[in-house]
Structure formats: C-alpha cells, structure tokens
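# Observations on chain architecture
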Amino acid sequence: MDHTEKKGLLIVFEGTDGTGKSTQLQLLYKVLHDKGYPVVATREPTDGKYGREIRQLYVNRKKFSHEKELELFLADRREHVDELLNPALRNGKIILCDRYFLSTAAYQGAIGFDPETILNRNSFAPDPDLALLFQTPVDIGVTRIVSDRGDTLNDFEQIESLKKVAEIFSGIDRPYIKRIDATDSIESVHQTVMGHIATLFASSSFLPLN
Ligand code: TMP
C-alpha cells in the first residue's frame, strides 16, 4: 500500500505461547475503545478458510508437510491483508493484531525454514507500526498454559520447539520491534504497553493518549 493511503496504525502482539500477549491485547483494546479511538482487534491464524485448516494442525502437526504448513500461514495472511488489514488501514483504524509475520519467521523458522527468507516472502503484507514482542522464559509460558489455563500443550507448544522459536524471536531485528519483559504482573506489563502506545501516538496523526 502507498503510504499516503495508509491512515491507520498496525500494532501487532508477538511472542511465544503463554507470554500473556492476548490478555494484553484485550486490556489495550478496552482502554482505546473506552477513550473513543477507532480500534479493531483481530488475530492470526484468522477464522477464514485457511485459518480453519491451520487449526487442524494444532492437534496433529504431521497432517501436512512443512512446505504446506508455511504456505497455509502465508495464504491466510494474504487473505487477512486484502480483506481486513489494508481496508482498515485505509479507513484510519487502529488495528491490534494477535500474531503476524514475525510469528511465521519464528515458528516456521523453528521447523527449518530460513527466518529472513520467510520475512521476504511476507513483503506483500504491510509492516507493523509497532510490534510488541512479549518475552518470558519458555518454561514460564508453558506453566501458564498448563497450570493456570488448565490446557494441554498443542503440537505448536512443545518445549524444545518453543525454545527454538524464542531464540529466533530474540535474533530478529526490525526498527518497529519493542521487546517487553512479560514475567512481571499483568498490570505492570500493561503499563509498559501503554508507554509504547503513548510514544507511537505522539508521532502519529492520532490524538495523544492522556
Ligand atoms: P495462538 O492462537 O495461541 O496465538 O496460537 C496460534 C499458534 O499458531 C501458535 O502456536 C503459533 C502458531 N503460528 C505459526 O506457527 N505461524 C504463524 O505465522 C502464526 C500467525 C501462528
């Protein structure tokens, strides 16, 4: 998209599983919505046809080849960009997106693809204005999934593989990435998130946060 057409902001929430990013997205959504900002929440994988196929992989990751898995995430993103993200950015919305292409670089990178090549294959997707990268030691994330949520680990959440994912996330360098220590309390992480949002809004056409 030509930058003159882009009136909104794209803020993405990234990190390994169990870092609390979805909770933080919801908290931020509520603050912005209550203050009257034109905010939209969305996620990847989406609930579209490719996203539904991807969810089948959670219970059996061997269902598709690694190539097919990567293709599905890219197809899902392409649809998301065309149908929701680009139109919302043109319409001046503030988009909060739970996972985006850094997740593809990290998770599909962890199964053997080159992370930079994956990022290049996402050049059709607009860069985020801000990528909040939530970081906790993998064991803490896994404990949150198993003990706190009472969930079992799905095929994307196995410890060894998540350690590789975390390592790739740590190695990616982009100017829009802000790393957040997500081992702190929900409220303290929320305050850190609000600090980054205030800085972003101050250099955007949106009213400053106060
Ligand atoms: P979540 O809904 O709990 O965030 O789970 C989505 C899972 O999908 C998570 O384990 C990460 C994985 N994923 C990828 O492997 N590649 C991607 O490109 C995206 C967006 C997610």
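What comes next concerns the included structure. (Residues numbered from 1 in each chain as written. Predicted model: local features only at pLDDT ≥ 70, side-chain atom pairs only at ≥ 80, totals over all residues. Heavy atoms only, no water.)

## Quick look at the packing of helix α3 (residues 66-90) against helix α4 (residues 101-109)
As a packed pair, α3 and α4 sit with axes 11 Å apart at the nearest point and diverge in direction by 180 degrees. When the interaxial angle is binned, α3 and α4 end up roughly antiparallel. Across the interface between the two elements, Glu 69, Leu 70, Phe 73 and Arg 77 of α3 pack against Phe 101, Thr 104 and Gln 108 of α4. Grouping the constituent residues of the contact of α3 with α4 by class yields three nonpolar, two polar and two charged. (Axes fitted to C-alpha atoms, helices over the stretch in contact; angles between N-to-C directions. Helix = DSSP H or I, 4+ residues; strand = E, 2+ residues; numbered from the N terminus. Parallel < 35°, antiparallel > 145°, perpendicular 65-115°, else oblique. Contact = heavy atoms within 4.5 Å. Nonpolar A, V, L, I, M, F, W, Y, C, P; charged D, E, K, R; others polar.)

## A few points about the pairing of strand β4 (residues 130-135)
Of all six residues in β4, five are buried, a share of seventy percent or more. In terms of strand pairing, β4 meets strand β5 (residues 177-181) through five bridges, oriented parallel. The residue of β5 that forms the bridge with Leu 132 is Lys 178. (Buried < 20%, exposed > 50% of the residue type's maximum accessible area, 1.4 Å probe, protein only. Pairing = 2+ DSSP bridges.)

## Looking at the packing of α4 against helix α7 (residues 159-171)
Across the interface, α4 lies against α7 with an axial gap of 8 Å and an inter-helix angle of 135 degrees. With respect to α7, the element α4 is oriented oblique. Viewed along their axes, α4 and α7 form a crossing whose handedness is right-handed. For the pair formed by α4 and α7, the contact residues are Leu 102, Ser 103, Ala 105, Ala 106, Tyr 107 and Gly 109 on the first element and Leu 162, Val 165, Ile 168 and Phe 169 on the second. Residue classes in the contact of α4 with α7 are distributed as eight nonpolar, two polar and no charged. (Left-handed = near helix turned anticlockwise from the far one by under 90°.)

## Side note on the nonpolar core
Counting 37 residues, the largest nonpolar core has Leu 10, Tyr 100 and Leu 102 as its most contacted members. Element by element, the count of residues in this core is highest for α3, at eight residues. For Tyr 100, the contacting residues outside a window of four places in its chain are Leu 10, Val 12, Glu 14, Glu 44, Arg 77, Val 81, Leu 85, Ala 125, Pro 126 and Pro 128. Counting residues in each nonpolar core, the second largest holds 23 residues, with Leu 25, Leu 32, Ile 197 and Phe 201 among its members. (Core = buried A, V, L, I, M, F, W, Y, C linked by side-chain atoms within 4.5 Å.)

## Quick look at unusual backbone geometry
For the bond running from Glu 44 to Pro 45, omega is -10 degrees, close enough to zero to count as cis. Tracing the backbone through its elements, the reader meets Pro 45 in the loop between β2 (39-43) and α2 (49-59). A positive phi angle, near 75 degrees, is found at Arg 99, a position not held by glycine. Structurally, the position occupied by Arg 99 is in the loop between β3 (94-98) and α4. When its relative accessible area of 12% is taken as the criterion, Arg 99 is described as buried.

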